[in-house]
Amino acid sequence: MSRFNPAGGIADFWHEFTRPNPYRWPILLASFAATGTMMYSFTQERVYLPPDKPQVNFITTFAPDRTLEEIRASNLANQKIKEKREAEQAEREEAAKEAYRALGRATGLDVDAMEAEARADKAREDAAEKARMDALTAQMQAADNAVATTGE
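Bear in mind that the values here come from a model prediction, so they are computed numbers and not experimental data.

1. Digging into the overall build of the protein chain
Looking only at helices and strands, the protein chain features 4 helices and 0 strands. Here the C-alpha radius of gyration of the protein chain, 43 Å, is well above what a compact globule of 152 residues would show, namely 15 Å. Here the C-alpha coordinates of the protein chain stretch approximately 110 × 55 × 50 Å along the principal axes. By residue count, 3% of the 152 residues in the protein chain fall in the buried class.

Okay, structure coming up:
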């Protein structure tokens, strides 16, 4: 227990501290300032609480006790409305195309040849996309087969 007795250390400190030294007080103040600054910065811990969980309100437009038949009837009605809107949109697009065809013919352009070229370009693009997808599918099947044969 004599090894942990602080009396000797305190006596040595007091002996050195009481010796005449012109820098004793400035060094002591600087030591206190440095230690105090560090202690202050370490003790200034900020704890931010996590935000409250948001309250979710579900807005339902359908009755919760609908039967399967009511759901099917609603889906069929909505599908008919969707198809009607798509048909109307297709009619508007065709009317716009016809107006552009008339404008092209009025300005002396060969509209039929341009449409044929556009259809050929579209067919080429579709064929290239199909070939790319077929190649990717073949690569995926080959990879699946390789994994199946190695058992990984």
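2. Comments concerning the confidence of the model for the protein chain
Chain-level pLDDT for the protein chain is 90 on average; 97% of the residues reach the 70-or-more range. When mean pLDDT is compared element by element in the protein chain, helix 3 (residues 68-106) scores highest at 95, while helix 1 (residues 7-18) scores lowest at 87.

3. Re the pattern of salt bridges
On inspection of all chains with the given rule, the structure shows 12 salt bridges. We note a salt bridge from E115 to R101, for which the minimum N-O separation is 2.2 Å. On the criterion of sequence distance, the pair formed by E115 in helix 4 (residues 111-150) and R101 in helix 3 is long-range, its members being 14 residues apart. In this structure, D112 engages R105 in a salt bridge whose closest nitrogen and oxygen atoms are separated by 3.3 Å. A single network of salt bridges, built from pairs that share partners, joins E94, E98, R101, E115 and R119.

4. Some thoughts on the packing of aromatic side chains
Throughout the structure, instances matching the rule amount to 3 aromatic pairs. Note on W14 and F17: the rings are 5.9 Å apart at their centroids and 35° apart in plane angle, and the pair reads as tilted. With W14 and F17 both in helix 1, this residue pair falls 3 residues apart, about one helical turn. Owing to a relative accessible area of 17%, F17 belongs among the buried residues under this scheme. Summarising the aromatic geometry, the rings of F17 and W25 are spaced 5.8 Å apart at their centres and angled 80° between planes, so their arrangement reads as edge-to-face. Linked through ring pairs, F13, W14, F17 and W25 together constitute an aromatic cluster. Across the ring face of F17, the terminal group of R24 is positioned such that the distance to the ring centre comes to 5.4 Å. Its end group placed over the ring of F62, R66 keeps NZ or CZ at 4.2 Å from the ring centre.

About the thresholds
- Residues numbered from 1 in each chain as written.
- Predicted model: local features only at pLDDT ≥ 70, side-chain atom pairs only at ≥ 80, totals over all residues.
- Heavy atoms only, no water.
- Helix = DSSP H or I, 4+ residues; strand = E, 2+ residues; numbered from the N terminus.
- Rg over C-alpha atoms; globule rule 2.2 N^0.38 Å.
- Buried < 20%, exposed > 50% of the residue type's maximum accessible area, 1.4 Å probe, protein only.
- pLDDT = per-residue confidence, 0-100.
- Salt bridge = Lys/Arg side-chain N within 4 Å of Asp/Glu carboxyl O.
- Phe/Tyr/Trp six-rings, centres within 6.5 Å; stacked < 30°, edge-to-face > 60°.
- Lys NZ or Arg CZ within 6 Å of the ring centre and 35° of its normal.

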